[in-house]
Amino acid sequence: MGGLILLIIGLVLVIRGAGWLVDAATALARRAGISDLAVGLTVVAFGTSLPELAVNIFASVDGNAAITIGNITGSNIANILLILGLSALIFPLEVGKGTIWKEIPFSLLAAAILWLMCAEAAWLSREPGVLSRSEGLVLLCFFVIFLYYTAGMPPRLPNPSDPNPALATKRIFIKLGLGLGLLIGGGKLTVSGAVEMAHWAGLSEGFIAASLVAVGTSLPELATSAAAAWKKNPDIAVGNVVGSNLFNIFFILGLSAVIRPIAVPPELMLSIWMTIGASLILFVCMFTGQPRRIDRWEGALMLALYGMYLWMQSR
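Here the structure is a predicted model, which is why all the values come from computation and not from measurement.

Trainee: Describe in detail the overall build of the protein chain, supporting the description with residues and values.
Mentor: A count of helices and strands for the protein chain gives 11 helices and four strands. A buried classification covers 52% of the 315 residues belonging to the protein chain. For the protein chain, long-range pairs separated by at least 24 residues make up 84% of all intrachain contacts whose partners lie at least 6 apart in sequence.

What follows is the structure, encoded as C-alpha cells:
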C-alpha cells in the first residue's frame, strides 16, 4: 500500500514539473533565439535524464551492474517505443530533416557502440562483456562531440507573427528550476514506490531494472514529451527523447563505467539489442505513412512492440 501511495504522489509531481519545464524551456529558447530542437536536445534532455544519472551513480558505487545497464537500456527503449508512441497518439509528430538524417542516426550509432563494447569481450573470452574505464572515457568523448554539434545549430530566426514572451526572465528560470526539481523528486518517489511493489510481487532484479526502474526514471521524459505534444511542439517532444537517449549512453553510462567497470549481465543483452531495434524503428517510421512524421497508427505500433519487449524480458 505504501508503494502505491509513493507511486501516485510521484506521478503527480512529475506531470506538474513537466508542464513547467516545457513552458520555461520554450520561452527561454524564443527569448535567446535558440531553436526549440536545440533546447530539447540539450537543456530539456539533460534535465529529464537527471533521475537516470542519480540512479546510475548510486548503482555504480554499489557495483550493481544489473541496475546500471538495465536502467539505461530500458530507459532508451521506453523513450522511443513508450514515450514517442504515446506522444504520437496525442498529436502526430512532425520531424525535421536534420533530426531524420543527423540526430536519429547519431542515437542509433550510440546504441550500436554500446552493443559492440558489451559484445566484444563475450566474443573473445566467452564471458559476459565488461564496460571498462577506457571505454567509459570513449563514450564521454562522443558526448563532447554531440555537445559541439548542438552548439553549432542555426539560431531561431525572428518571426513577426510570434507573440512577445509572456514570462519575464526571472520567472522563466524559477519555472525551469521548479520544474526540474519536481521532475527529479517525483521520479525518485515513483521509482521507490514501483520497486517496493515489484519486490513485494517477487519479480527478478533484472526485470525490475529494465522495466520498472527504467520506466520510473523515464517518467520525466514521458511527461515532458507528452506535454510538448499536447502543446503541439513536436521539436521539444522528439528532441527531448533523442537527446535523452544520447545523454543516457554517452554521458551517464560513460560516467558510470569510469566510476567502476561494469560487468554486463548476459540476460540484459536482449535489452541492448532492443535499444538498437527501437532506434531503427524510429528511423523507419520517418519514411512510412506520412513522410517525416510519426503518425498515430505508428505510435500505436510502438506501444504494442514495447508491450512485447516487456513480455520477452519477463520470461
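Trainee: So what's going on with empty space enclosed by the protein? Which residues, and what values?
Mentor: All chains considered together, the criterion is met by one cavity of 30 Å³ or more. In this structure, the largest cavity spans a volume of roughly 40 Å³. Taken together, Asn 76, Ile 80, Ser 107, Ala 110, Asn 245, Leu 246, Ile 249, Thr 275 and Ser 279 make up the full set of residues lining the largest cavity. Take the lining of the largest cavity: its biggest share by element is three residues, from helix H9 (residues 234–259).

Trainee: Residue-level account of the environment of Val 213, with values.
Mentor: Along the chain, Val 213 turns up in helix H7 (residues 205–217). Sequence-distant contacts of Val 213, defined by excluding residues within four places in its chain, comprise Val 55, Asn 71, Val 191, Val 195 and Ile 208.

Trainee: Describe the environment of Ile 208, listing the residues and the values that go with them.
Mentor: Checked against the element boundaries, Ile 208 lands in helix H7. Residue class for Ile 208 comes out buried when judged on its relative accessible area of 3%. Distance in space between the C-alpha atoms of Ile 208 and Ala 66 is 9.2 Å, their sequence separation being 142 residues.

Trainee: Any chance you could break down the layout of surface pockets for me, citing the residues and the numbers?
Mentor: Of the voids in this model, the largest pocket is the one considered here, and its volume is about 370 Å³. Taken together, 17 residues form the lining of the largest pocket, with Ala 54, Val 55, Phe 58, Lys 188 and Val 191 sitting closest to its centre. Looking at the lining of the largest pocket, the elements with two or more residues in it are helix H2 (36–62), helix H6 (169–201) and H7. Counting residues per element, the lining of the largest pocket draws most heavily on H6, at seven residues. Of the residues belonging to the lining of the largest pocket, the class tally is 10 nonpolar, five polar and two charged.

Trainee: Describe in detail the nonpolar core, supporting the description with residues and values.
Mentor: Counting residues in hydrophobic clusters, the biggest one holds 79 residues, and the most contacted among them are Leu 131, Phe 250 and Leu 282. Considering each element in turn, this core owes the most residues, 13 residues, to H9. In this structure Phe 250 touches Phe 106, Ala 110, Ile 113, Leu 139, Leu 140, Phe 142 and Phe 143, once residues within four positions along its chain are discounted.

Trainee: Break down the environment of Ala 111 for me, with residues and values.
Mentor: Among the structural elements, Ala 111 can be located in helix H4 (residues 97–125). As a C-alpha pair, Ala 111 and Thr 275 span 164 residues in sequence and 6.1 Å in three-dimensional space. Ignoring anything within four residues of it in the chain, the contact list for Ala 111 reads Ile 249, Thr 275 and Ile 276.

Trainee: I'd like a rundown of the packing of aromatic side chains, residues and numbers included.
Mentor: Overall, the coordinates contain 11 aromatic pairs when judged by the stated rule. Between Trp 101 and Phe 287, the aromatic rings sit 5.6 Å apart at their centres with planes inclined by 55°, giving tilted as the arrangement. Residue Trp 101 is found in helix H4, and its partner Phe 287 is found in the loop between helix H10 (269–285) and strand E4 (293–294); the two are separated by 186 residues along the sequence. The interplanar angle of 65° and the centroid separation of 5.0 Å between the aromatic rings of Phe 143 and Phe 247 together place this pair among those described as edge-to-face. One end of the pair, Phe 143, is in helix H5 (residues 133–151); the other, Phe 247, is in helix H9, and 104 residues separate them in sequence. Among the aromatic residues, ring-to-ring pairing joins Phe 106, Phe 142, Phe 143, Phe 146, Phe 247, Phe 250 and Phe 251 into one connected group.

Trainee: Give me unusual backbone geometry: which residues, what numbers.
Mentor: Its identity is not glycine, yet Lys 232 carries a phi of approximately 60°, on the positive side. Of note, Lys 232 is situated in the loop between helix H8 (219–230) and H9. In this structure, Arg 292 takes a positive phi of about 60° despite not being glycine. Of note, Arg 292 is situated in the loop between H10 and E4. Judged by its relative accessible area of 37%, Arg 292 is partly exposed.

Trainee: Which residues make up a nonpolar patch on the surface, and what are the values?
Mentor: The grouping of Leu 4, Ile 8, Val 12 and Met 197 at the surface amounts to a nonpolar patch, some 340 Å² of accessible area in total. The element that contributes the greatest number of residues to the nonpolar patch is helix H1 (residues 2–32), accounting for three residues. Residue placement: Ile 8 occurs in helix H1.

Trainee: Could you give an account of the packing of helix H3 (residues 65–90) against helix H11 (residues 296–314), naming the residues involved and the relevant values?
Mentor: Relative to each other, H3 and H11 sit at 145°, their axes nearing to 7 Å. In this structure, the crossing between H3 and H11 has a hand that is left-handed. When H3 is examined against H11, the residues Gly 74, Ile 77, Ala 78, Ile 80, Leu 81, Leu 82, Leu 84, Gly 85, Leu 86, Ala 88, Leu 89 and Ile 90 are found in contact with a partner set consisting of Arg 296, Gly 299, Ala 300, Met 302, Leu 303, Leu 305, Tyr 306 and Tyr 309. Among the residues forming the contact of H3 with H11, the class breakdown is 16 nonpolar, three polar and one charged.

Trainee: Describe the pattern of salt bridges, listing the residues and the values that go with them.
Mentor: Proximity of charged atoms lets side chains of opposite charge pair with each other. Throughout the structure, instances matching the rule amount to two salt bridges. For the salt bridge of Arg 293 with Glu 94, the shortest nitrogen-to-oxygen distance reads 3.9 Å. Highlighted residues: Arg 293 in strand E4 and Glu 94 in strand E1 (residues 93–94), separated in sequence by 199 residues. The residue Asp 295 makes a salt bridge to Arg 293 at a minimum N-O spacing of 2.6 Å. It is possible to trace a salt-bridge network through shared partners that takes in Glu 94, Arg 293 and Asp 295.

Criteria and thresholds
Residues numbered from 1 in each chain as written. Predicted model: local features only at pLDDT ≥ 70, side-chain atom pairs only at ≥ 80, totals over all residues. Heavy atoms only, no water. Helix = DSSP H or I, 4+ residues; strand = E, 2+ residues; numbered from the N terminus. Buried < 20%, exposed > 50% of the residue type's maximum accessible area, 1.4 Å probe, protein only. Contact = heavy atoms within 4.5 Å. 1 Å grid on protein atoms, 1.4 Å probe; cavity = no way out; pocket = protein on both sides within 12 Å on 5 of 7 lines; lining within 4 Å. Points joined across faces, edges and corners; volume = space filled by probe spheres on them. Nonpolar A, V, L, I, M, F, W, Y, C, P; charged D, E, K, R; others polar. Core = buried A, V, L, I, M, F, W, Y, C linked by side-chain atoms within 4.5 Å. Phe/Tyr/Trp six-rings, centres within 6.5 Å; stacked < 30°, edge-to-face > 60°. Patch = residues over 30% accessible without salt bridge, like charges linked within 9 Å, V, L, I, M, F, W, Y side chains within 5 Å. Areas by Shrake-Rupley, 256 points an atom, 1.4 Å probe, with all protein chains shown as cover. Salt bridge = Lys/Arg side-chain N within 4 Å of Asp/Glu carboxyl O. Axes fitted to C-alpha atoms, helices over the stretch in contact; angles between N-to-C directions. Left-handed = near helix turned anticlockwise from the far one by under 90°.

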